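Chain by chain, the residues:
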Amino acid sequence: MIDAVQAGETFIVTRNGEPVAELRPARTGRSTFVSREELATLAAAGVRIDRHQFRADLDQQIDQGL
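Position numbers for residues count from 1 along each chain, tracking the sequence in the order it is written. Only residues with pLDDT of at least 70 get local features here, since the model is predicted, and only at 80 or more are side-chain atom pairs given and counted; chain-wide, interface and lining totals rely on the full set of residues. Remark: hydrogens and water are excluded; side-chain values derive from all non-hydrogen atoms of the structure.

Trainee: Just give me the short version of the pairing of strand S1 (residues 11-15), but keep the residues and values in it.
Mentor: The pairing of S1 with strand S2 (residues 18-23) spans five bridges and is antiparallel. Along S2, the bridge assignment pairs Val-13 with Ala-21. Following DSSP output, two strands are said to pair if at least two bridges run between them. Here a strand is any run of E in DSSP of at least two residues, a helix any run of H or I of at least four, and the numbering for each starts at the N terminus. Linking S1 back to S2 in an antiparallel pair, the connection comprises two residues, with Asn-16 at a positive phi of about 55°.

Trainee: Requested: an account of a nonpolar patch on the surface, with residues and values cited.
Mentor: Nonpolar side chains collect at one region of the surface, where Val-47, Ile-49, Phe-54, Leu-58 and Ile-62 lie side by side and expose about 500 Å² of accessible area between them. By the secondary structure assignment, Ile-49 is in the loop between helix H2 (36-44) and helix H3 (51-61). Only residues above 30% relative accessible area that lack a salt bridge enter a patch, with like-charged residues linked at up to 9 Å and the nonpolar side chains Val, Leu, Ile, Met, Phe, Trp and Tyr linked at up to 5 Å. Methods summary: accessible areas were calculated by the Shrake-Rupley approach with a probe of 1.4 Å, and residue burial reflects only the protein chains presented. In what follows, salt bridge is the name for a side-chain nitrogen of Lys or Arg lying within 4 Å of a carboxyl oxygen of Asp or Glu.

Trainee: Give me the environment of Pro-19: which residues, what numbers.
Mentor: Here Pro-19 is to be found in strand S2. Residues Pro-19 and Gln-60, spaced 41 residues apart in sequence, show a C-alpha to C-alpha distance of 32 Å. We call two residues in contact when some of their heavy atoms are within 4.5 Å. Filtering out sequence-adjacent residues up to four positions away, Pro-19 remains in contact with Ile-12, Val-13 and Thr-14.

Trainee: Tell me about the environment of Ala-4, residues and numbers included.
Mentor: Relative to the elements of secondary structure, Ala-4 occurs in helix H1 (residues 2-6). Buried means the residue's accessible area, taken with a 1.4 Å probe over protein chains only, is under 20% of the maximum for its type, while exposed means over 50%, and partly exposed covers the values in between. Taking relative accessible area as the criterion, Ala-4 reaches 18% and is therefore assigned buried. In the structure, Ala-4 is positioned 50 residues away from Phe-54 in sequence and 40 Å away in space, judged by C-alpha atoms. Those residues in contact with Ala-4 that sit more than four places away from it in its chain are Glu-9 and Phe-11.

Trainee: Describe unusual backbone geometry, listing the residues and the values that go with them.
Mentor: Look at Asn-16: it is not a glycine, yet its phi comes out positive at around 55°. Here Asn-16 shows up in the loop between S1 and S2. The exposed category is assigned to Asn-16, whose relative accessible area is 79%.

What follows is the structure in structure tokens.
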């Protein structure tokens, strides 16, 4: 299986028929280019972050005494 992953294949690991993990080739380096397709996929997800709630969540988790 590792040879297949190294060759570019991706596998979904399941437990009792439910997906629990994904085994895929590791990305090497940090990509600075985002393809049009990748951007469209991210935009289609419609994720919205409330900046005030996000800041409140950060403040709650981070030790403000540092």
